[in-house]
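In case you want the letters, here they are:
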Amino acid sequence: MKIECLGASQEVGRSAFLMHLDKKIMLDYGVKIFDKEGKPKYPENFTQAPDIVLLSHAHLDHSGAIPALYKEQDLRWVATPPTRDFCEVLWTDSMKIMGEELPYGKREFKKALRKWRPITYNEGFRVGEAQVEYLDAGHIAGSAMIRIKSEGKEVLYTGDFKCEETKLHKGAKYVEDVDVLIIESTYSDREHPPRQELEETLMEHIYETLENGGNALLPSFALGRTQELIAVIRSYDIDIPVYVDGMGREITSLYLKHKQYIKNPKEFWKAVKRVKFVEGIPDKKEAVAEPSVIISSAGMMNGGPILNYLFHVNARSRIIFTGYCVEETNGWYLQNKGFIIKEGVELHVDLPWEYLDFSAHAGRSDLLNFIKHANPQKIVLVHGDKTEEFAQELREDFGYEVVAPKPGEVIEV
Ligand SMILES: [Zn+2]
Ligand SMILES: [Zn+2]
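Note that this is a predicted model, so its numbers are computed, not measured.

About the criteria used
Residues numbered from 1 in each chain as written. Chains lettered and ligands numbered in written order. Predicted model: local features only at pLDDT ≥ 70, side-chain atom pairs only at ≥ 80, totals over all residues. Heavy atoms only, no water. Helix = DSSP H or I, 4+ residues; strand = E, 2+ residues; numbered from the N terminus. Rg over C-alpha atoms; globule rule 2.2 N^0.38 Å. Buried < 20%, exposed > 50% of the residue type's maximum accessible area, 1.4 Å probe, protein only. Contact = heavy atoms within 4.5 Å. Areas by Shrake-Rupley, 256 points an atom, 1.4 Å probe, with all protein chains shown as cover. Lys, Arg positive; Asp, Glu negative; His and termini not counted. Charge placed at Lys NZ, Arg CZ, Asp CG, Glu CD. Salt bridge = Lys/Arg side-chain N within 4 Å of Asp/Glu carboxyl O. Donors = N, O, S within 2.8 Å, 3.2 Å for Na, K, Ca; no water. Tetrahedral: all angles 85-135°; square planar, octahedral: opposite > 155°, others 65-115°. Domains from an automatic or database assignment. Buried area = accessible area lost by both parts, 1.4 Å probe. Patch = residues over 30% accessible without salt bridge, like charges linked within 9 Å, V, L, I, M, F, W, Y side chains within 5 Å. Core = buried A, V, L, I, M, F, W, Y, C linked by side-chain atoms within 4.5 Å. Axes fitted to C-alpha atoms, helices over the stretch in contact; angles between N-to-C directions. Parallel < 35°, antiparallel > 145°, perpendicular 65-115°, else oblique. Left-handed = near helix turned anticlockwise from the far one by under 90°. 1 Å grid on protein atoms, 1.4 Å probe; cavity = no way out; pocket = protein on both sides within 12 Å on 5 of 7 lines; lining within 4 Å. Points joined across faces, edges and corners; volume = space filled by probe spheres on them. Nonpolar A, V, L, I, M, F, W, Y, C, P; charged D, E, K, R; others polar.

Trainee: Requested: an account of the overall build of the chain, with residues and values cited.
Mentor: The helix and strand tally for the chain stands at 12 helices and 22 strands. The globule rule puts the C-alpha radius of gyration for 413 residues at 22 Å, and the 21 Å found for the chain is close to it. Along the three orthogonal principal directions, the C-alpha set of the chain runs to about 65 × 50 × 40 Å. Counting over 413 residues, the chain shows a buried share of 59%. Counted over contacts in the chain with a minimum sequence separation of 6, partners at least 24 positions apart contribute 70%. Here the chain has roughly 17500 Å² of accessible surface; of this, 47% comes from carbon and sulfur atoms. Treating the 52 positive side-chain charges of the chain as one cloud and the 65 negative ones as another, the clouds have centres 6 Å apart.

Written out as structure tokens, the structure is:
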């Protein structure tokens, strides 16, 4: 069995893996949003056109290039219903931000949406000779691991996953005994602090800031993190004012629409009801006029309404990052150099900041435990900056057969 590794190979971003079975199956087809030159990067060219795309989840590093396939092709793509709806929002936003620079336009976007085929967890379907199944990945609503049985072999592609339970998801279950494991390894060298501890620290920072008369600014990814933060904050406190600005508003209403994909829909609905969605300038003014929590995109501060809040809150306010900021994004500049860049100008930010690791990915011991249970004959390490190092460790210390493919590499499994 051959797999073409077209992205997320020795890197994070542009996940795309083409499996050569009797049908050609593309696992994810994403973009790398921030490469070193600050330009988006798309998957490497494939040698044979895919017959179908199986999408693990909606984050753009997995889904962002799918519409580009519809320039010349007419294939189906498979995803859970929330994933489809999130894609529509994220792809629309990409068109708005990038316009002509994108490798697709409105026509391909519309065609792609028409070619979606729904799937739910634990429901099998066939692609040619292969039997395919989606399993809950515990990463964001609708996220899935993809299990493919073909030619007497079982292949598991994890996509992005998290084992630990969070406020909105139960966490991915271990999958026992697979032949080939294609696994993300974003945090192969780090553990995440325990959730409960993190949540309590977050609340302490928020209370301290509000009691001082400031705003707690939470730059946040619109999809996944925004909703988790709403759920966390409201599970501790139903009264403090919480404002949500940016694309997170729309995504949050989609979380409510697809409530069977979150753990505690009733509780989440109650939490959301007590949040104020920022619709216009008067709401923005209101948000900064009182001590409050403001959750706003973008998570790495590269655009989005969060940038304006930075310069409209009082000096008693503070920034709380809950996600990792990639090098040379505004969030990274702020943490490392004390400024952000807006329209080419360096703007100093004096507000204090903290970073709390609310990652939606498996940490190091989760990865090791997951691998132990899967007990694979072969591991393909992807979606990580340190795949070569981790591969060597897995080979030498644990005796696994491991490959950390390079972009464009074709591997035999
Ligand atoms: Zn993801
Ligand atoms: Zn990812």
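What follows picks up the thread again.
Trainee: Can you explain the pattern of salt bridges? Please cite residues and give values.
Mentor: Across all of its chains, the model carries 24 salt bridges by this definition. A salt bridge links Asp85 to Arg84; the shortest N-O distance between them is 2.9 Å. Each of Glu11, Arg14, Lys32 and Glu44 takes part in a single network of salt bridges with overlapping partners.

Trainee: Which residues make up the coordination of the zinc ion (ligand 2), and what values go with them?
Mentor: Octahedral metals with six donors have ideal donor angles of 90 or 180 degrees. Tetrahedral metals with four donors have an ideal donor angle of 109.5 degrees. Summarising the metal site, the zinc ion (ligand 2) is bound by the protein donors Asp61 (OD), His62 (NE2), Asp160 (OD) and His383 (NE2), whose distances to it range over 2.2 Å. In this structure, the zinc ion (ligand 2) is coordinated by 4 donor atoms arranged in irregular fashion, with angles at the metal of 88 to 160°. Counting residues between consecutive donors of the zinc ion (ligand 2) along the chain gives the motif D-H-x97-D-x222-H.

Trainee: So, the domain arrangement of the chain: which residues are in play, and what are the values?
Mentor: Interfaces are often sized by the amount of accessible area the parts lose when they come together. Along its sequence, the chain is organised into domain 1 (2-190 + 360-412) and domain 2 (195-355). Between the C-alpha centres of domain 1 and domain 2 there is a distance of 28 Å. Taken together, the contact pairs 29 residues of domain 1 with 27 residues of domain 2. If you sort the residues of domain 1 by the area they bury against domain 2, Phe34, Lys167 and Leu168 come out on top, with a joint share of 33%. There are 3 salt bridges connecting domain 1 and domain 2.

Trainee: Account for a negative patch on the surface, with residues named and values stated.
Mentor: Residues Asp22, Asp51, Glu129 and Glu151 make up a contiguous surface patch of negative charge. In this fold, Asp22 is placed in the loop between strand 2 (16-20) and strand 3 (24-29). Overall, Asp22 belongs to the partly exposed group, its relative accessible area being 40%.

Trainee: I'd like to hear about the nonpolar core, residue by residue, with values.
Mentor: Leu54 and Trp77 are the most contacted members of the largest nonpolar core, which has 95 residues in total. In terms of residue count, the dominant contributor to this core is helix 2 (residues 81-98) (6 residues). Shared between two domains, this core holds at least three residues of each, these being domain 1 (2-190 + 360-412) and domain 2 (195-355). If sequence neighbours within four positions are ignored, Trp77 has contacts with Val53, Leu55, Ile66, Tyr70, Arg84, Cys87, Trp91, Ala112, Leu113, Lys115, Trp116 and Arg117. Counting residues in each nonpolar core, the second largest holds 25 residues, with Val175, Leu368, Ala391 and Val402 among its members.

Trainee: Just give me the short version of the packing of helix 4 (residues 195-211) against helix 5 (residues 225-236), but keep the residues and values in it.
Mentor: Where helix 4 contacts helix 5, the two axes come as close as 10 Å, and the packing angle between them is 75°. By the criterion of interaxial angle, the relationship of helix 4 to helix 5 is roughly perpendicular. Listed contacts from helix 5 to Arg195, Gln196, Glu199, Glu200, Leu202, Met203, Ile206 and Tyr207 of helix 4 are Glu228, Leu229, Val232, Ile233 and Tyr236.

Trainee: Could you give me a rundown of the packing of helix 6 (residues 248-257) against helix 7 (residues 265-273), with the residues and numbers involved?
Mentor: Remark: helix 6 packs on helix 7, axes separated minimally by 10 Å, with the N-to-C direction vectors making an angle of 150°. One finds that helix 6 runs roughly antiparallel with respect to helix 7. Relative to helix 7, helix 6 is oriented so that their crossing is left-handed. Contacts between helix 6 and helix 7 involve Thr252, Tyr255 and Leu256 from the former and Phe268, Trp269 and Val272 from the latter.

Trainee: Any chance you could break down a nonpolar patch on the surface for me, citing the residues and the numbers?
Mentor: Residues Tyr324, Trp353 and Tyr355 make up a contiguous nonpolar surface patch of about 290 Å² in total accessible area. For Tyr324, the location among the structural elements is in the loop between strand 16 (318-321) and helix 10 (330-337). Here Tyr324 falls in the partly exposed class, since its relative accessible area comes to 42%.

Trainee: Just give me the short version of the coordination of the zinc ion (ligand 1), but keep the residues and values in it.
Mentor: With distances of 2.2 to 2.3 Å, the protein atoms coordinating the zinc ion (ligand 1) are His57 (NE2), His59 (ND1), His139 (NE2) and Asp160 (OD). What the 4 donor atoms of the zinc ion (ligand 1) show is an angle range of 90 to 166° at the metal, which sorts the shape as irregular. Spacing between the donor residues of the zinc ion (ligand 1) along the chain follows H-x1-H-x79-H-x20-D. Separating the zinc ion (ligand 1) from the zinc ion (ligand 2) is a gap of 3.6 Å, bridged by Asp160, which donates to each. Within this pair, whereas His139 is found in the loop between strand 8 (130-136) and strand 9 (144-150), its partner Asp160 is found in the loop between strand 10 (153-157) and strand 11 (180-184), the two being separated by 21 residues in sequence. Both residues of the pair, His139 and Asp160, belong to the buried class.

Trainee: Provide a residue-level description of the layout of surface pockets, including the pertinent values.
Mentor: Roughly 420 Å³ of internal volume is contained in the second largest pocket. Lining the second largest pocket we find 19 residues, and of these Tyr121, Asn122, Leu135, Asp136 and Lys173 sit closest to its centre. Ranked by residue count, the leading element in the lining of the second largest pocket is strand 8, at 3 residues. A breakdown of the residues in the lining of the second largest pocket according to their chemical character gives 8 nonpolar, 5 polar and 6 charged. Looking at which domains feed residues into the lining of the second largest pocket, each of domain 1 (2-190 + 360-412) and domain 2 (195-355) supplies at least three.

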